[in-house]
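The primary structure of each chain is shown beneath.
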Amino acid sequence: MFTSHKDSVNNRLHTLRGEQFRHSQNLLRSRSHITSANVTRLPSLPTDLFEYSDHIPPNDGSSSATSTSTPSLSYSGPEPPRSWTQASKDVSYKETSKWREQALSLIFEHSKTLAHDSSSQIPSLSVLCLSKFKDAVVPFIPSHLRRDLIRYASVESPLPNSKLYALFEPDGNADGEIIIIGPKATLRDDYFLHGHKDVDMVGSISSHSWDEETVVPKVLECFVLVSINMPISTLLTLPPTLTHLALIDLPNPIPLHRLCNVCPLLQVLDLSYNQWLTNCSKDVLNALDRIDWARWVHMRILGVRNCKIPEKVLHQVNRNRWDDVVIVQ
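Notes on the structure in this doc start here. Everything numeric in this text was worked out from a predicted model, so none of it was measured.

About the cut-offs
- Residues numbered from 1 in each chain as written.
- Predicted model: local features only at pLDDT ≥ 70, side-chain atom pairs only at ≥ 80, totals over all residues.
- Heavy atoms only, no water.
- Helix = DSSP H or I, 4+ residues; strand = E, 2+ residues; numbered from the N terminus.
- Buried < 20%, exposed > 50% of the residue type's maximum accessible area, 1.4 Å probe, protein only.
- Contact = heavy atoms within 4.5 Å.
- Areas by Shrake-Rupley, 256 points an atom, 1.4 Å probe, with all protein chains shown as cover.
- Phe/Tyr/Trp six-rings, centres within 6.5 Å; stacked < 30°, edge-to-face > 60°.
- Pairing = 2+ DSSP bridges.
- Axes fitted to C-alpha atoms, helices over the stretch in contact; angles between N-to-C directions.

1. Quick look at the overall build of the chain
Check the secondary structure of the chain and you find 13 helices and 6 strands. The buried share among the 329 residues of the chain stands at 36%. Put simply, 65% of the contacts in the chain that link residues at least 6 apart link residues at least 24 apart. Looking at the chain as shown, the accessible area adds up to about 20,300 Å², and 55% of this sits on carbon and sulfur atoms.

2. Things to note about the packing of aromatic side chains
When we look at a pair of aromatic rings, we describe it by the centre distance and by the angle of the planes. Applying the stated criterion across every chain yields a total of 6 aromatic pairs. Centre to centre, the rings of tryptophan 99 and tyrosine 273 are 5.6 Å apart; their planes meet at 65°, and the pair counts as edge-to-face. Remark: tyrosine 273 occurs in the loop between strand S4 (268–270) and helix H12 (282–289) and tryptophan 99 occurs in helix H4 (residues 97–109); sequence separation between them is 174 residues. Comparing tryptophan 99 with tyrosine 273 shows no difference in burial state: the two are buried.

3. Side note on the sheet that holds strand S2 (residues 222–226)
Pairing is parallel in the open sheet, where 6 strands are placed in the order S1-S2-S3-S4-S5-S6. With partners counted over all chains shown, the strands left at the sheet margins are strand S1 (177–181) and strand S6 (326–328), one partner each. Neighbour-to-neighbour, the strand axes of this sheet turn through a mean angle of 5°, independent of strand direction. One ladder, built from 3 bridges, connects strand S5 (residues 301–303) with S6; its direction is parallel. Directly across from isoleucine 301, in S6, lies its bridge partner valine 326.

4. Here we look at the pairing of S2
For S2, the tally of buried residues reaches 5 of 5 residues, placing the bulk of the element in the interior. Bridge count for S1 against S2 is 5 bridges, and the pairing is parallel. Residue pairing across strands places isoleucine 180 opposite leucine 225, the latter belonging to S2. Of the strand pairs in this sheet, S2 and strand S3 (residues 244–248) are connected by 5 bridges, and their pairing is parallel. Looking across to S3, one finds that valine 224 is bridged to alanine 246.

See the structure below:
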């Protein structure tokens, strides 16, 4: 009788200890209590292999689970080589999709068509299909789908020159838009001089019969350049049809006062993340003072995020205007 009562107490204590252990493991999100048959199905690659901070919440050290998070780093097989994790640590923040999405958000928000929805992490079916077969079907992709594909790739994985410029053919742009993201891609110095066929195509329309289907080429209205050097000679050849211009994170300063005459129809101008606008030199300050803001009568948005432009220059933007320009800082 005494032995059976003792066994009953031991069984209850064992059950309570088991429940307490499982509860503590659940709080720590540990899987050490799972059998080895289930552990073999766990991923053997490190969680931060592909993007060092895009999909992993930052570790601020405030949680009590950080000190006991080592069991989640155990692998079912041998440990991965150091090169797999070393590459992710060497990637700078400006090379991540999170930074590109933030840098391009202003120009995407205020352009006519918002192809890349920054609030959604799932691409559209058309963009997903084109991203897999773009090399084979480029000649048959409509211009608006090329624009969507370039916008999505500019955030997630910028295209190199060979693939990017192929999507700009035959009009020299994708539905009136050009987006070039460095350092994988570069801007050709004479692109705006010899890269367009608009004049020849427009002139050939009159020779076609009215019964024939003709396609009017799309003029360039939006030009985005990120992390790429822009020579003065290229700046002076920008088409006057531009209404949206983004020059983001350029390595070298440019004569901004020349843009007034080159692109008089600008509605949105984004100069964000330029270091030479953070620590302005005398030449840059001189160029800012020489900008004739009154020539941009159609301007609605001016982006100067992460820049330190003098207040007197910003006051000149809305001087003698009926409708103030929205300055995004």
